[in-house]
Amino acid sequence: MLVPKQGKPHHSELGLSYKVQFHTLSLWTPVEFEEWLCLMETKLCSRFAINVAHFSYLIKEAIKEMVVRGAPAIAIAAALSLAVEASNLASFDGTSDDASVFLSKKLDYLVSSRPTAVNLSDAVVKLKEVIKKAAATAKEANSVFQAYIEAAEVMLEDDVTSNKAIGSYGASFIKNYLKDSQKITVLTHCNTGSLATAGYGTALGVIRALHADGALEKAYCTETRPFNQGSRLTAFEMVHENIPATLIADSAAAALMNAGRVKAVIVGADRVAANGDTANKIGTYSLAVSAMHHAIPFYVAAPLTSVDLSLSSGEEIVIEERSPKELLHTRGGLGEQIAASGILVWNPAFDVTPANVISGIITEKGVITKNGKDTFDIAGFVHKTSGKS
């Protein structure tokens, strides 16, 4: 996710958001926000009429159309879009309670944009609590808006810090597990880097850390059909960072593993159930099964905000289904039609990888393992690392 240094972003900042200084949201204009969005993965901004009062509408449509994608980035972009809108409401005519209702309704509207990723709903719950507390003591609406803006900016900073911690824990854990390997080769899926987060990345953050430590021989990335996040985004980020990398077709992954060219698989997550079942980009389950067959460790890298302890298993995760056009046309639905007219299409955006084929879950608080057991104790890990008994 891109945050401009001085209001207006530049193409040279693409993929390097974790190096960019955070910009005060109150200085953003609608045009600058539009330009920022246009640097995201697809160029759909021309579809939207930019208006201060419609920022939340803009970002919801951008999330639905995958202009903004990646579970952490979806949450941060939604929070920031409403913060920009709030910062431009100097003429708001209402009480602090009115401001609280206004912001809460906007958040409810935003949370419906994509159902599978849990980060957005987690962010909404936390932001609503901030709004509620501010409204209880504030004498004017602007104080509530300011409290919200500050909370959204903190979320942005926290996500980058969290991602770097994921990278550090993951790299150390994998190096220790594969200590007999002089150099480590890793396979990843979809895009989990700076373009899917506030900066640095989750699974790609682990790869960055391995590379920085001199432990990475090569990273392989799948093309990630049908929206091609791997070939369009992950490949770009790795080339931009000078990380040794090779792009493969999705269907080549098993052959690559069989050839002995993969030491570990690392993917991201949109939602992790209490038992460790993980929803991630479609094709993740296939990689996990293939990795298990070839005795290759399979890791999920995700912040604890992606963990949903309210769901006992992956069977309860709602899986979003995307437009048939993404399969019928080239460029993930943006190009020419290549499939026969009249053919039926099944196009789930995600699949659920069962916990029994996952070796570990890398978080900003450490790596969740099974400790010789058959199951993860994620709730225990969350309570232990949060200081709760």
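Residues numbered from 1 in each chain as written. Predicted model: local features only at pLDDT ≥ 70, side-chain atom pairs only at ≥ 80, totals over all residues. Heavy atoms only, no water.

1. Regarding the overall build of the protein chain
- Check the secondary structure of the protein chain and you find twelve helices and eleven strands.
- Residue burial in the protein chain is summarised as follows: out of 389 residues, 56% are buried.
- A fraction of 76% describes how many contacts in the protein chain between residues 6 or more apart in sequence connect residues 24 or more apart. (Helix = DSSP H or I, 4+ residues; strand = E, 2+ residues; numbered from the N terminus. Buried < 20%, exposed > 50% of the residue type's maximum accessible area, 1.4 Å probe, protein only. Contact = heavy atoms within 4.5 Å.)

2. Considerations on the pairing of strand E1 (residues 184–188)
- Judged by how many residues are buried, E1 sits mostly within the fold: five of five residues are covered.
- In E1, alternate side chains face the same way, and those of Ile 184, Val 186 and Thr 188 on one face and Thr 185 and Leu 187 on the other are all buried.
- Two strands pair when backbone bridges link them, and E1 and strand E2 (residues 216–222) are joined in this way by five bridges, in the parallel orientation. Bridging from a neighbouring strand, Val 186 pairs with Ala 219 of E2.
- Crossover connection from E1 via helix H7 (residues 203–212) to parallel E2: handedness right-handed.
- Taken together, the three bridges between E1 and strand E4 (residues 264–267) define a ladder with parallel strand orientation. Pairing of Val 186 across the sheet is with Ala 264, part of E4. (Pairing = 2+ DSSP bridges. Right-handed = clockwise from strand over helix to strand, strands pointing away.)

3. As for the sheet that holds strand E6 (residues 278–281)
- In space, the four strands of this open sheet follow the order E8-E5-E6-E9, with mixed pairing throughout. Only two strands of the sheet have a single neighbouring strand rather than two, namely strand E8 (307–308) and strand E9 (350–353).
- In this structure, strand E5 (residues 271–273) lies alongside E8, joined through two bridges in parallel fashion. What sits directly across from Ala 273, in E8, is Asp 308.

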